[in-house]
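Each chain, letter by letter, is given below.
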Amino acid sequence: MINIDSRTHVRGESIYVNDIPPREDTLIGVVFASPLAHGRIKSIDFSEALQVDGVEGIISAKDIKGENQIGGIIQDEELVADKTVDYIGMPIALVCAKTGRAARKAASKIKVDIEELHPIVTAREAHAAKKFIVPSRTFKTGDTDSEWKNCAHVIEGQAEMGGQEHVYLETQGAYAYPMENDCLKIHSSTQATKYVQRAAAKVLGIPMHRIEVDVNRIGGGFGGKEDQATPWACLAGLAAYTLKKPVKLVLSRAEDIRMTGKRHPYSFDFKLGLSKDLKILCYEVQCFQNAGACADVSPAVMERTLFHGTASYFVPNARITVHSCKTNLPPNTAFRGFGAPQGMFVIEAALMKAAATLGVDMMEIQKRNLLSEGDRFPYDQAAKNCNARKCWDTAWETFGVEKLKSEVADFNTKNTLFKKGLSLYPLCFGISFTKTSLNQGRSLVHIYSDGTVSITTGVVEMGQGVNTKILQAAALTLSISPKRFTIHSTNTSRIANPSPTAASSGADLNGKATIMACQALLARLKGVACQELRAQDPDDIEIKDEVIYHKGKKTDLTWERLVFLTEEARVALSEHAHYATPIIHFNKATEKGHPFAYHVYGTAVTVVTVDCLRGTYNVDLVKIVHDFGSSINLDIDIGQVEGALLQGIGLMTIEELLIDQKGKLVYDDLSSYKVPDIYFTPQTLEVNPLDTKPDALALLGSKAVGEPPLMYGIGTYFAILKAMREFNPQLKLELWAPMTHQKCLMSLYDNYGDLLK
Ligand code: MTE
Ligand code: HPA
Ligand code: MOS
């Protein structure tokens, strides 16, 4: 089954916010934002800006009739700066004009006087100044304090991991217009219609039912539109409501990069204790999360870092702490992996440092500590259907790792300026929102008189192919042709209170709800078929490929005729279903429970070549064994693995968020901030599905795939580091991701002089 969006995507006909044909009198909004990372607003003067031809209004804090507050988890985020500015790019006002040009010109004429205050830029600075978003949290298992003395080797160190810009193809945007009776409709490029609706209602001071939020699809979100689509939707909504005209606000790429939050940079202090035979006995880590100026989803991201602190390994004694540090950067936010990549990077960094210190191959330590069936994570859940070792062993065998090892070693003896590195990366990622209450999905299914079907769910299509999977699940359940279905936009009037499309759970939660709705419809249709065929038991009725069977025998009754009869019999042809993941629970007081429906496993084998003269590198090969469960759409799922892998490689290598002391992004456009392109893609890229048991809590046994494969990119970092150590065995192990070309070059020669002596 091909992705149902293929045709319109390829023809350029897919509709995003900026493609909605504008209504008459539509105004274009342009954001006027803070030029400083921290300061007190002394005065703002709009008078000159208001004179610009075409300007119809400038919306600022004084226009807010409700509350100037859009915080989700914590109410700490102003929609527009009122008295202070807390980061560069913080919205102060929205200029609305007949054209974008006029709005931009007017924005340039706004005069603002800000008294500059000292900005805090790094997490460690904020930690020292005791500036936190929420109290720090710790996951503990066993007793590290008493176990250190039993460790044969204790390795300590520091690590850093940079953030990441989302670079979704469609920038943030919204189109809002007033409707009759004081209602408002907002088309938003959001992963979370409910968050937009809730925040807009609060800002406008009107109830949620008067606001309809609609999302046809979004041009990528990657987490960047879970919470951060909200300000733009609220600004457009506020302007439309105040000026009583349609208002469109679409950020330019540069505005988007400068104004929105990103993946959280983290700093770490770690300590790892190994036994003589390289078993992990103890692990402690302090993680300093750079949250930015307000909470956004940082407390939830922090939680996922805690959950993934021991990655794919069994650690009997662990103490993992995360500090969510408040800084003067745009609020950092959800990004594919959601705090897990940071937790999973630092333990890998600790293993690398241990391997280098002990003179063993990192793979040896990794392999000896992989999770086994029944092992408990620090949060107490046991690894069930644990495929960690199965993935590792399968990758080792099928990809001929022994042979690769000798080829790499051989290459390294023969070459002086080019060096190769080989790494394995074991993946383990928990599926479910860590906040149990978010694990719910809904679906509304209508069967029309002509036998066609409409589906609306709470999920947002953002390129991940979720609507295709949902359509497949519905078609399989009803056993009718996929051609009979349309999946409609995600809309708060049809599906209320949906969880954001996130945590890789969109397909499971909303797909399962769709199956439930179809099953309810099927039961009613069978009841009608039973009467029509004068059969005794609806359980003897089956629908197969649009034909009705009785006791296994084909009848003359077709799908279309049955739908007609059902309507005639005044039996409902619509169903709304609600799904809530069973089993899961978590107790925040004890930090123990069973938060995840299941885990996804995998292993990536990576080979890189470093040009040690230039500090550049190529990813020669990535071969992955991935645990899809039993995929219902392998084409889409492999696409997800490949896309996530590339995004993960970018995170670990060339994507650098350099922030200066004034809190300004140094690389703040796409000519300087570089994401992987086709030339950067591994020359050989292979994804093999592991033959695993389908999990009952996955959609038709097809495991969630959206985020987990991003972490395979971590393998590339360590492959590069290994190659660099081949060139310079004295290399200072600075565990600082991303390993940009500059960093690679500078570290290669850092201690080179000593080596030549
Ligand atoms: N794939 C595409 N093409 N575009 C995206 O924005 N987002 C990722 C992933 N895959 C994304 C994507 C993220 S962050 C998540 S959480 C999941 O898709 C969400 O979708 P799902 O729950 O349906 O897997
Ligand atoms: N993952 C992704 N997004 C989320 C989560 C989560 O666990 N919780 C809240 N938003
Ligand atoms: Mo994904 S970061 O959970 O939107």
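Our subject is the structure that appears above.
Before going into details, it helps to say that this report is about the structure given with it.

1. Some details on the overall build of the chain
Along the backbone of the chain there are 20 helices and 30 strands. By the compact-globule yardstick of 27 Å for 757 residues, the chain fits well, its C-alpha radius of gyration being 27 Å. In terms of principal-axis extent, the alpha carbons of the chain reach across some 90 × 75 × 50 Å. Within the span of the chain, comprising 757 residues, buried residues form 62% of the whole. Of the contacts made within the chain by residues no fewer than 6 positions apart, 79% connect residues no fewer than 24 positions apart.

2. Concerning the site of ligand 2
In the vicinity of ligand 2, the contacting residues are E226, A300, R304, F338, F433, T434, L438, A502 and A503. The contact in question runs from a nitrogen atom of ligand 2 to an N or O atom on the side chain of E226, over 2.5 Å. Residue R304 places a side-chain N or O atom 3.1 Å away from an oxygen atom belonging to ligand 2. In isolation ligand 2 exposes 260 Å². Once the protein is present, 97% of that is buried.

3. Focus: the site of ligand 1
What surrounds ligand 1 is a group of 18 residues, the closest being G221, F222, M462, G506 and Q640. Here an oxygen atom of ligand 1 and a backbone polar atom of G221 are 2.7 Å apart. Residue Q464 places a side-chain N or O atom 3.0 Å away from an oxygen atom belonging to ligand 1. Partitioning the shell around ligand 1 into residue classes produces six nonpolar, 10 polar and two charged.

4. With respect to the pattern of salt bridges
Counted under the stated rule, the structure contains 37 salt bridges. Between D668 and R258 there is a salt bridge whose closest N-O contact spans 3.1 Å. With D668 in the loop between helix 17 (634-652) and strand 29 (684-689) and R258 in helix 8 (residues 253-259), this residue pair connects regions lying 410 residues apart in the sequence.

5. Looking at helix 10 (residues 340-358)
Taking 1.5 Å of rise per residue, 19 residues should cover 27 Å, and helix 10 covers 27 Å from first to last C-alpha, within 8% of that figure. The element helix 10 is largely enclosed, with a buried count of 15 among its 19 residues. Within two residues after helix 10, G359 carries a phi angle of roughly 70 degrees, on the positive side.

6. Focus on the environment of Y283
With respect to the helices and strands, the residue Y283 is situated in strand 14 (residues 280-292). Taking the C-alpha atoms as reference points, Y283 and H118, 165 residues apart in sequence, are found 36 Å from one another.

7. Some words on the side chain of D256
Looking at where D256 falls in the secondary structure, it is placed in helix 8. Buried within the structure, D256 lacks any salt-bridge partner; its nearest side chain of opposite charge belongs to R253, at an N-O separation of 5.4 Å. Ignoring anything within four residues of it in the chain, the contact list for D256 reads E165, Y168, T171, Q172, L251 and K262.

8. Topic: the pairing of strand 29
Two faces belong to every sheet, and in a regular strand the side chains alternate between them. Across six bridges, the pairing between strand 28 (residues 616-626) and strand 29 is parallel. Residue pairing in the sheet places L621 in a bridge with T684 of strand 29. The parallel pair strand 28 and strand 29, bridged by helix 17, forms a crossover whose chirality is right-handed.

9. With respect to unusual backbone geometry
That bond from A737 to P738 is cis: its omega, 0 degrees, falls within 30 degrees of zero. Within the secondary structure, P738 is located in the loop between strand 30 (735-737) and helix 19 (741-750). Phi angles above zero are rare outside glycine, and K130 is one such case at about 55 degrees. Relative to the assigned elements, K130 resides in the loop between helix 4 (123-128) and strand 7 (137-141). Residue L278 is not a glycine yet carries a positive backbone phi of 70 degrees.

10. Looking at the nonpolar core
It is characteristic of soluble globular proteins that their nonpolar side chains tend to be buried jointly. Membership of the largest hydrophobic core comes to 130 residues, with the highest contact counts inside it found for F345, F718 and L721. Looking at this core, the element that brings in the most residues is helix 10, giving 11 residues. Other than its neighbours up to four places away in sequence, F345 contacts A159, E160, M161, F268, M652, I714, Y717, F718, L735 and A737. F485, I541, L562 and A577 belong to the second-largest nonpolar core, a separate cluster that totals 38 residues.

11. Describing a nonpolar patch on the surface
The grouping of L417, F418, L613 and Y749 at the surface amounts to a nonpolar patch, some 340 Å² of accessible area in total. With respect to the element layout, L417 can be found in the loop between helix 13 (401-414) and strand 16 (418-431). Given the relative accessible area of 36%, L417 is considered partly exposed.

12. Description of the packing of aromatic side chains
Summed over all chains, the structure comprises 15 aromatic pairs. Ring geometry for Y617 against F680: centres 6.3 Å apart, planes inclined by 65 degrees, an arrangement best described as edge-to-face. Taken together, the positions of Y617 in strand 28 and F680 in the loop between helix 17 and strand 29 put the pair 63 residues apart, joining distant regions of the chain. Relative accessible area serves as the criterion here: at 5%, Y617 is assigned to the buried category.

13. Observations regarding the sheet that holds strand 6 (residues 111-116)
Judged by pairing direction, the sheet is antiparallel, and its three strands sit side by side in the order 4-2-6 without closing on themselves. Here the strands that pair on one side only, and so sit at the sheet edges, are strand 4 (84-85) and strand 6. When strand 2 (residues 39-45) meets strand 6, the two strands line up antiparallel, connected through six bridges. Residue G39 lies in a different strand from strand 6, and its bridge partner there is E116.

14. Things to note about the sheet that holds strand 17 (residues 440-447)
Read across the open sheet, the four strands follow the order 19-18-17-24; overall the sheet is mixed. With one partner strand each, in any of the chains shown, strand 19 (485-487) and strand 24 (574-580) form the two edges of the open sheet. With strand direction ignored, the average angle separating the axes of adjacent strands in the sheet is 20 degrees. Bridge analysis of strand 17 against strand 24 gives seven bridges, and the strand direction is antiparallel. Bridging from a neighbouring strand, S443 pairs with A577 of strand 24.

15. Description of the side chain of R263
Its location among the elements puts R263 in the loop between helix 8 and strand 13 (266-274). Notably, R263 is buried but unbridged: the nearest opposite-charge side chain belongs to E707, and the N-O separation is 7.2 Å. Reaching out from R263, the side chain makes a polar contact with the backbone oxygen of F335 at a distance of 3.1 Å. Within polar-contact distance, the side chain of R263 engages the backbone oxygen of R336 at 2.9 Å. Residues within four places of R263 in sequence aside, it is in contact with G163, Q164, H166, N332, T333, F335, R336, F338, P341, Q342, L651 and L710.

Thresholds, definitions, all that
- Residues numbered from 1 in each chain as written.
- Chains lettered and ligands numbered in written order.
- Predicted model: local features only at pLDDT ≥ 70, side-chain atom pairs only at ≥ 80, totals over all residues.
- Heavy atoms only, no water.
- Helix = DSSP H or I, 4+ residues; strand = E, 2+ residues; numbered from the N terminus.
- Rg over C-alpha atoms; globule rule 2.2 N^0.38 Å.
- Buried < 20%, exposed > 50% of the residue type's maximum accessible area, 1.4 Å probe, protein only.
- Contact = heavy atoms within 4.5 Å.
- Near = heavy atom within 4 Å.
- Polar contact = N/O pair within 3.5 Å; in protein donor to acceptor, adjacent residues only side chain to side chain.
- Areas by Shrake-Rupley, 256 points an atom, 1.4 Å probe, with all protein chains shown as cover.
- Nonpolar A, V, L, I, M, F, W, Y, C, P; charged D, E, K, R; others polar.
- Salt bridge = Lys/Arg side-chain N within 4 Å of Asp/Glu carboxyl O.
- Expected span 1.5 Å × (residues − 1).
- Lys, Arg positive; Asp, Glu negative; His and termini not counted.
- Pairing = 2+ DSSP bridges.
- Right-handed = clockwise from strand over helix to strand, strands pointing away.
- Core = buried A, V, L, I, M, F, W, Y, C linked by side-chain atoms within 4.5 Å.
- Patch = residues over 30% accessible without salt bridge, like charges linked within 9 Å, V, L, I, M, F, W, Y side chains within 5 Å.
- Phe/Tyr/Trp six-rings, centres within 6.5 Å; stacked < 30°, edge-to-face > 60°.
- Axes fitted to C-alpha atoms, helices over the stretch in contact; angles between N-to-C directions.

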